[in-house]
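One letter stands for each residue in the lines below.
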Amino acid sequence: MSVGVLGAGAWGTALAQMLASDGREVLLWAREEELVTEINAQHTNSIFLPSADLSPGVKATNDLAEMAALDTLLVVTPAQHMGSVLGAMPRHPRDLVLCSKGIEAGTGRLMNHVAADAAPGSAIAVLSGPTFAHEVAAGLPTAVTLACGGGEDQWERLSPVIARPTFRPYFSDDVTGAEIGGSVKNVLAIACGVVDGLGLGQNARAALIARGYAEMLRFGEALGARVETLAGLCGLGDLVLTCSSTSSRNFSLGKALGEGHSAEELMADRRTVAEGAHTAPVLVELAARHGVAMPIVTAVYGLIKGNDPRATVSALLSRPLRAEQENAG
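Residues numbered from 1 in each chain as written. Predicted model: local features only at pLDDT ≥ 70, side-chain atom pairs only at ≥ 80, totals over all residues. Heavy atoms only, no water.

Caption draft 1: Representation of the nonpolar core within the structure. Judged by nonpolar contacts, the single largest core of 43 residues is most densely connected at V184, F219, L257, L283 and M294. Listed by contribution, the elements that provide at least two residues to this core are α8 (175-197), α9 (202-222), α12 (249-258), α13 (263-269), α14 (275-290) and α15 (295-304). Counting residues per element, this core draws most heavily on α8, at 10 residues. Of all hydrophobic cores here, the second largest spans 40 residues; its members include L15, L28, F48 and L127. (Core = buried A, V, L, I, M, F, W, Y, C linked by side-chain atoms within 4.5 Å. Buried < 20%, exposed > 50% of the residue type's maximum accessible area, 1.4 Å probe, protein only. Helix = DSSP H or I, 4+ residues; strand = E, 2+ residues; numbered from the N terminus.)

Structural data, given as structure tokens:
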């Protein structure tokens, strides 16, 4: 089956490189005409993934009609632009695999709902898990969740298209769980970056990961996700990776906040998107709507609005003591 990647940022370019590693031709859509020219002429993406020498099988285009003619499309546009990009396509492939992690601001919709509304004739899947783009592009071993809204029939179509010797998908049909894991972990990664930026130590980071995971579970269960999904690659696995390295855009944003930079300055100056900053406010709203306590996520939202990091940490540490498994958080 023909396959393409919609979005030529670091993650989209890495996925295109991975898919082309067996000699397959992969069509990669980029908005920027100069980037299309560079990828086709020089086999590089110096803007978003300068470390990779791209396979000649990766061909770039800025024509959405070309992408629409493919059988399978991996959608890697920024989460807040997915709906508009899909809506601009003249038609849609049979299978859309959503690889962007976030929740739509203003509507609170998960990406699978955004895609279903924009492309009602397509079967929707979600690919999520612990992945750094530069490692995937380099062919280092990676495992992900491939959650198929079309169930096992869709898995049978997609798994041969996506699986490679060093890129191993695991089947799930819990699309909601896969999305929530990827969305919430971005916000928690900002919090872990703040801990690092403030020099609060490894004990604090480990505690934050554990308590953040508890928030992810509570929120996921409220929206119908399965606990076992969130305990897997797309939940706990992705959380641990993203909360541990400056290779994560969200962690890097939090680290800079902890070091004293303003959120406004950082958001204006970043060429790549830290989705957690966009997800935090809508996540706080959804949590309140469902009666779910998410104090760490709420604290990150405050930091994005300009709250002082040290005062924020002090407020979290002074919360009333309670049982670890108590639902109130």
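Let us keep going from here.
Caption draft 2: Spotlight on the sheet that holds strand β6 (residues 123-128). Spatial strand order, β3-β2-β1-β4-β5-β6-β7-β8: eight strands in an open sheet with mixed pairing. The sheet terminates laterally at β3 (58-61) and β8 (167-172), the two strands that pair on one side only. Strand after strand, the sheet turns through a mean of 25° between neighbouring axes, direction not considered. The pairing of strand β1 (residues 3-6) with strand β4 (residues 72-75) spans four bridges and is classified as parallel. Paired with V5 across the bridge in β4 is L74. Where helix α2 (residues 33-42) meets the sheet, it contacts β2 (26-29) and β3, and its direction lies at approximately 155° from that of β3. (Pairing = 2+ DSSP bridges. Axes fitted to C-alpha atoms, helices over the stretch in contact; angles between N-to-C directions. Contact = heavy atoms within 4.5 Å.)

Caption draft 3: Structural context of the pattern of salt bridges. For the structure shown, the criterion picks out 11 salt bridges. Residue E104 pairs with R109 through a salt bridge whose shortest N-O separation is 2.8 Å. Using a relative accessible area of 12% as the deciding quantity, one classes E104 as buried. With a closest N to O distance of 3.2 Å, E285 and R289 form a salt bridge. A residue pair is termed a helical-turn pair when its members lie 3 or 4 positions apart in one helix, as E285 and R289 do in helix α14 at four residues. Assessed through its relative accessible area of 47%, E285 is described here as partly exposed. Through salt bridges with shared partners, a single network forms among K101, K185 and D238. (Salt bridge = Lys/Arg side-chain N within 4 Å of Asp/Glu carboxyl O.)

Caption draft 4: View of the layout of surface pockets. What the largest pocket holds in volume is close to 940 Å³. Lining the largest pocket are 39 residues, with G9, A10, W11, R249 and V273 sitting closest to its centre. Looking at the lining of the largest pocket, the elements that each hand over two or more residues are α1 (10-19), α6 (133-137), α8, α11 (233-242) and α12. Estimates place the volume of the second largest pocket at around 640 Å³. Contributing to the lining of the second largest pocket are 26 residues, with R211, I296, L316, L317 and R319 lying nearest its centre. Those elements giving two or more residues to the lining of the second largest pocket turn out to be α8, α9, α15 and α16 (309-317). Here the element with the most residues in the lining of the second largest pocket is α9; it accounts for six residues. (1 Å grid on protein atoms, 1.4 Å probe; cavity = no way out; pocket = protein on both sides within 12 Å on 5 of 7 lines; lining within 4 Å. Points joined across faces, edges and corners; volume = space filled by probe spheres on them.)

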